[in-house]
Amino acid sequence: MAQRRTFQVVTGLSEVKMLIGIFGYTGSGKTYSALELATGIAEVVGGPVVGIDTEHGRMGIYAQLFDFKRLAFEPPYNPLSYVDALEQALPLKPAVVVIDSMSHEHDGEGGVLDMHDRIANDMLARSKNPNASVASYNYPAWAVPKQERSRLIQVLQRYPAHIIMCFRGRDKSTPNKDKNAKWDEKIVDLGTQPCGAMDIFHELLLSFMLAPASNGVPTYRSDNKNEQIAIKVPSVLRHIVEQHKGPVSRDLGKKIAIWAKGGTMPAKVAAESPLERINRCKTIEELQATWKALTKKEQEAHARAKDDKKAKLEYELVEQASQSPATGDNLFGDTGDVDTTAMQR
């Protein structure tokens with residue numbers, strides 16, 4: 001007879017170990033944003049930030065900007081190697097572990113796709129069926145890779161520190177099916193999709209996208225419903241992340257860490273409208289970042305307001321330049337021209 005179990009009754013919010021995902025194209029600022037977020041979380045939790053670096057030392061370029069310990073992770077990138085890396089980080093008692101990149105577990109050297117192909121070819125080589133092909137072993141060849149990934153997911157779920165995972169992003173599309181479920185000539189734009197297993201994405205508490213040239217400003221809402229699938233912002237965190245304006249920062253890390261520790265959540269206030277966000281911008285750079293963070297529909301509705309605000313900021317720049325004392329230094333470079341490059345709508 002199975003032993004009876006007892007369960008603890010818990011009231012209120014208990015401490016949560018967060019799994020966070022960041023995905024985007026190369027150069028979108030994933031590593032920097034992950035370290036910013038991790039540094040803020042660590043300041044609240046206490047303990048070091050540990051980086052698991054699969055990018056051949058690229059995380060090390062930020063060593064002068066952030067205080068973290070780095071584990072150099074070389075191929076093979078199978079799931080159990082990720083488990084080993086996470087277990088080797090435990091003696092460091094990390095507050096946060098940054099995995100950059102988690103995409104290698106999927107399609108890197110020795111990753112799950114590599115494992116599957118190797119196993120399928122091994123099965124074919126041992127086969128005595130003269131009519132067999134690699135495709136004959138497609139299904140059974142998934143058994144071991146899937147088992148290893150399940151083990152990795154179990155470790156991620158129970159890990160005693162917060163984990164931030166970076167994923168490469170790729171543009172994806174797929175043929176369309178008509179109402180009769182037949183393929184037609186239309187192509188469906190899936191937008192930017194993370195390169196990684198959706199099995200892992202399902203475990204994330206929070207995930208967001210860094211679009212190209214976003215300057216670290218995260219995308220929490222997308223007009224592309226297929227792109228939105230990989231973006232996850234739970235309702236209990238939405239007001240925290242959406243009230244944070246601008247690039248991912250340590251301040252944002254602190255706020256979500258306080259919530260994850262069971263602290264009192266900030267009082268929910270009405271979110272700023274796109275017009276209010278545009279009007280409070282004090283520099284052209286801030287206006288550019290705010291504009292890029294808006295959805296396409298919001299941009300279409302507020303294009304005139306953006307243009308008016310931009311014109312006002314440019315006028316203020318010229319006014320400041322004309323009122324500056326003549327010191328011999330040119331505020332705007334050798335030509336004396338103000339950079340008023342038009343922003344893309």
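Residues numbered from 1 in each chain as written. Predicted model: local features only at pLDDT ≥ 70, side-chain atom pairs only at ≥ 80, totals over all residues. Heavy atoms only, no water.

A. Broad picture of the overall build of the chain. In terms of regular secondary structure, the chain is built from 13 helices and seven strands. Total accessible area on the chain stands at roughly 19,900 Å², and carbon and sulfur atoms take up 51% of it. (Helix = DSSP H or I, 4+ residues; strand = E, 2+ residues; numbered from the N terminus. Areas by Shrake-Rupley, 256 points an atom, 1.4 Å probe, with all protein chains shown as cover.)

B. Geometry of the packing of helix H2 (residues 79–89) against helix H5 (residues 143–158). In contact at an axis separation of 8 Å, H2 and H5 are set at 25 degrees when each is read in the N-to-C sense. In terms of orientation, H2 and H5 fall into the roughly parallel class. Handedness of the H2/H5 crossing: left-handed. The segment H2 lies against H5, with Pro79, Leu80, Tyr82, Val83, Leu86 and Glu87 engaging Pro145, Glu148, Arg149, Arg151, Leu152, Val155 and Leu156. For the contact of H2 with H5, a count of residues per class yields nine nonpolar, no polar and four charged. (Axes fitted to C-alpha atoms, helices over the stretch in contact; angles between N-to-C directions. Parallel < 35°, antiparallel > 145°, perpendicular 65-115°, else oblique. Left-handed = near helix turned anticlockwise from the far one by under 90°. Contact = heavy atoms within 4.5 Å. Nonpolar A, V, L, I, M, F, W, Y, C, P; charged D, E, K, R; others polar.)

C. Layout of the pattern of salt bridges. Under the criterion given, the structure shown has 16 salt bridges. A salt bridge links lysine 17 to glutamate 15; its shortest N-O distance comes to 3.1 Å. One salt bridge connects aspartate 53 with arginine 70, and the closest N-O pair in it is separated by 3.2 Å. A residue pair is termed long-range when its members are at least 10 positions apart, and aspartate 53 in strand E2 (residues 49–53) and arginine 70 in strand E3 (residues 68–72) qualify at 17 residues. (Salt bridge = Lys/Arg side-chain N within 4 Å of Asp/Glu carboxyl O.)

D. Main features of the pairing of strand E1 (residues 19–24). For E1, the buried fraction is high: six of the six residues fall into the buried class. Burial along E1 is two-sided: Leu19, Gly21 and Phe23 and Ile20, Ile22 and Gly24, pointing in opposite directions, are all buried. (Buried < 20%, exposed > 50% of the residue type's maximum accessible area, 1.4 Å probe, protein only.)

E. Fine view of the side chain of threonine 219. Mapped onto the elements of the fold, threonine 219 is located in the loop between strand E7 (206–210) and helix H7 (225–228). On the accessibility criterion, threonine 219 (16% relative accessible area) is buried. Residues contacting threonine 219, with those up to four places away along its chain left out, are Phe208, Met209, Ala211 and Ile231.

F. Expanded view of the nonpolar core. Counting residues in each nonpolar core, the largest one holds 63 residues, and the members touching the most others are Leu86, Ile164, Met165 and Ile256. In terms of residue count, the dominant contributor to this core is helix H1 (residues 30–45) (six residues). What methionine 165 contacts, discounting residues up to four positions off in sequence, is Leu19, Ile20, Gly21, Ile22, Ile99, Met102, Leu156, Ile200 and Leu204. Within the second largest apolar cluster, eight residues are counted, among which are Cys281, Leu287, Trp291 and Leu294. (Core = buried A, V, L, I, M, F, W, Y, C linked by side-chain atoms within 4.5 Å.)

G. Quick peek at the packing of helix H4 (residues 112–126) against H5. With their axes 8 Å apart at the nearest point, H4 and H5 run at an angle of 150 degrees to one another. With respect to each other, H4 and H5 are oriented roughly antiparallel. Residues Val112, Met115, His116 and Ile119 of H4 pack against Val144, Pro145, Glu148 and Arg149 of H5. Partitioned by chemical class, the residues of the contact of H4 with H5 number five nonpolar, one polar and two charged.

H. View of the confidence of the model for the chain. When pLDDT is averaged along the chain, the result is 85, and 86% of the positions lie at 70 or above. Low pLDDT, under 50, characterises residues 266–270; the predicted model gives this stretch six contacts beyond four residues in sequence or across chains. Segment residues 324–345: pLDDT under 50, and 24 contacts once partners within four positions in sequence are set aside and those in other chains are kept. (pLDDT = per-residue confidence, 0-100.)

I. Summary view of helix H9 (residues 250–260). Where H9 is concerned, the buried positions are Leu252, Gly253, Ile256, Ala257, Trp259 and Ala260. End-on view of H9: buried residues confined to an arc of 160 degrees, all on one side of the axis. Positive backbone phi, approximately 95 degrees, marks glycine 262, located one or two places after H9. (Arc of directions from axis to C-beta.)

J. Just helix H8 (residues 235–243), in detail. What H8 keeps buried is the set Leu237, His239, Ile240 and Val241. Looking at the packing, one finds that the buried side of H8 touches E7 and H9.

K. Looking closely at the pairing of E7. Across the five residues of E7, five count as buried, placing the element largely inside the fold. Relative to E7, E1 runs parallel, the two sharing five bridges. For glycine 24, the partnering residue across the bridge sits in E7 and is leucine 210. (Pairing = 2+ DSSP bridges.)

L. Structural detail: the environment of isoleucine 240. Along the chain, isoleucine 240 falls in helix H8. Judged by relative accessible area, which is 5%, isoleucine 240 ranks as buried. A sequence separation of 12 residues divides isoleucine 240 from leucine 252, and the C-alpha atoms of the two residues are 8.0 Å apart.

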